[in-house]
Amino acid sequence: MIQIAGRLGEATRVIRETGPSGLYKRTVRRLYRSSGASGLEFGLLPGDIADSTQVRWLTPAQRPAPGAPIHVCWVTSPPAPGSGGHTTLFRMAEELVKAGHRCTIVFYDVFGGTFERHERALRIGWPWLHADAVELGDHLPPADAYVATSWETAHAIASRGDDAGRRLYFVQDFEPYFYGHGSQYVLAEDTYRFGFRTITVGRMLAEMLQKDFGVRAEVAEFGCDTDVYSFRNRGEREGVVFYARPEVARRGYEVGMLALEEFHRRHPEQPIHLFGGSPTGLRVPVVQHGRMTPAQLAALYNQCITGLALSFTNVSLVPIEMIACGAIPVVNDSAAARPGLTSHYARWSQPTPVALAAALSSIVEHADVAGHAAEAAASVAGASWSDAAATVRSVVEQEVYGGS
């Protein structure tokens, strides 16, 4: 009885201090920890874990004649609507298709989703992609080359070494940073020792892999889809926008929201827009947009003066897309990240709440907001992903055909 009374008293206190939602969250957290549900976060099946000291794979007995059509399998996690990472790799695949090659998207899903659901998401979200789709089984589909697109899929490809084909690795982030320094960190890190031909998006990753692992990576430079993200508002602007993803640590949600609270204190007249998720328990007034299509997002950027573009691994696509629409991004400063974002319209800031709020404030206080927006957008006019896609196509062809 004493224990029950104690728990009832604790529950009453929590409700009084944080409301019913606070009690609900604490209960869910306790159940999550006690049930072992955290194991669902591990993105690999035990049999798919490879070891860099043991990795071997077969290569085809003969190479295709240079210029002959080739078949490339892109092994990836199932795509989610609006995923920027999937959009980038699908652009690379479509470039190969346009060059006369065949591409297959191979879904690697350890969480039990159906192939039909994944393919439907692919066709609805990326209707311009002319690629086949299959799910990964015990063996890789016959192909000339297999491209890993994440650390989990690198393990899946490496552990199927009896399936002959060239191995490549399309790296968009330093994925060990997604985790605490434990099992997933070291398994993600080990993929850079597998010996796959590596292509990175941006120079930051290439420099990291060279320095820490001795991996020489080809660089596909960042691009921007300026057909979607383009400058349309030459008039008045107001407000700030933030990609709010509480569940994704590298997006800096907590620091970003603290910065927006301080910004609101300084500029209560400026609306704050959130997209990407639907956070709760906010202490400042916001406009929540949830998930947005690229076209909707471009329209929002065209309304806003500035935005927070936080990413604590590789530079994200958000800053350049904001700039293309005339919104000035505030980016967490990093010497390693600067080579990947060369626009001098990006405002680098120390990633502390007050420093970020001060940077946002200085932008909304600019003497000529409209002119500043137009100059920024003009600086990236004509940007595209064509150079990056051409680099990827060239590297894949070179790896399959041989030679230089």
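Above this note sits the structure.
Residues numbered from 1 in each chain as written. Predicted model: local features only at pLDDT ≥ 70, side-chain atom pairs only at ≥ 80, totals over all residues. Heavy atoms only, no water.

## What to know about the overall build of the chain
No. 1: Across its full length, the chain holds 12 helices and 13 strands.
No. 2: Within the chain, the fraction of its 404 residues that count as buried is 50%.
No. 3: In the chain, once contacts between residues fewer than 6 apart in sequence are set aside, the share between residues at least 24 apart is 66%.
No. 4: Of the roughly 19300 Å² of accessible surface on the chain, 52% is carried by carbon and sulfur atoms. (Helix = DSSP H or I, 4+ residues; strand = E, 2+ residues; numbered from the N terminus. Buried < 20%, exposed > 50% of the residue type's maximum accessible area, 1.4 Å probe, protein only. Contact = heavy atoms within 4.5 Å. Areas by Shrake-Rupley, 256 points an atom, 1.4 Å probe, with all protein chains shown as cover.)

## Considerations on helix α3 (residues 115-125)
No. 1: Turning to α3, its buried residues are F115, H118 and L122. End-on view of α3: buried residues confined to an arc of 70 degrees, all on one side of the axis. Across α3 from its buried face, at more than 90 degrees, point the exposed residues E116 and I124.
No. 2: Its buried side turned inward, α3 meets α2 (84-98), β2 (102-107) and β3 (132-135). (Arc of directions from axis to C-beta.)

## With respect to the sheet that holds strand β8 (residues 240-243)
Sheet strands pair by backbone hydrogen bonding; their relative direction is either parallel or antiparallel.
No. 1: Ordered in space as β10-β9-β8-β11-β12-β13, the 6 strands form an open sheet in which the pairing is parallel. Only two strands of the sheet have a single neighbouring strand rather than two, namely β10 (287-288) and β13 (347-349).
No. 2: The pairing of strand β9 (residues 272-275) with β10 spans 2 bridges and is parallel. Paired with L274 across the bridge in β10 is Q288.
No. 3: Contacts from helix α8 (residues 294-303) reach β8 and β9, with the element oriented near 160 degrees to β9. (Pairing = 2+ DSSP bridges. Axes fitted to C-alpha atoms, helices over the stretch in contact; angles between N-to-C directions.)

## What about the packing of helix α7 (residues 253-266) against helix α10 (residues 353-364)?
No. 1: Direction vectors running N to C along α7 and α10 enclose 50 degrees, while the axes themselves pass 8 Å from each other. When the axes of α7 and α10 are compared, the pair comes out oblique. Along this stretch, α7 crosses α10, giving a crossing that reads as right-handed. Contact residues: α7 offers V255, L258, A259, L260, E262, F263 and R266, while α10 offers P353, V354, L356, A357, A358, L360, S361 and V364.
No. 2: Among the residues forming the contact of α7 with α10, the class breakdown is 12 nonpolar, 1 polar and 2 charged. (Parallel < 35°, antiparallel > 145°, perpendicular 65-115°, else oblique. Left-handed = near helix turned anticlockwise from the far one by under 90°. Nonpolar A, V, L, I, M, F, W, Y, C, P; charged D, E, K, R; others polar.)

## A word on the pattern of salt bridges
No. 1: Applying the stated rule across the entire model yields 18 salt bridges.
No. 2: For E218, the salt bridge is made with R216, and the minimal N-O distance between the two is 3.1 Å.
No. 3: On the basis of relative accessibility, which here comes to 17%, the residue E218 falls in the buried class.
No. 4: Taking relative accessible area as the criterion, R216 reaches 62% and is therefore assigned exposed.
No. 5: Salt-bridge contacts for R393 lead to E397; the nearest nitrogen and oxygen are separated by 3.4 Å. (Salt bridge = Lys/Arg side-chain N within 4 Å of Asp/Glu carboxyl O.)

## Digging into the sheet that holds β2
No. 1: Strand order in this open sheet of 7 strands is β3-β2-β1-β4-β5-β6-β7, and the pairing throughout is parallel. The sheet is open, and its two borders are formed by β3 and β7 (218-220), each paired with just one other strand. Within this sheet the neighbouring strands show an average axis-to-axis angle of 25 degrees, counted without direction.
No. 2: In terms of strand pairing, strand β1 (residues 71-76) meets strand β4 (residues 145-148) through 4 bridges, oriented parallel. Bridge pairing in β4 places V75 opposite A148.
No. 3: Those strands touched by α2 are β1, β2 and β5 (166-171), and its axis lies near 175 degrees from that of β1.
No. 4: Relative to β4, helix α4 (residues 151-158) is tilted by about 150 degrees, and along the sheet it contacts β1, β4 and β5.

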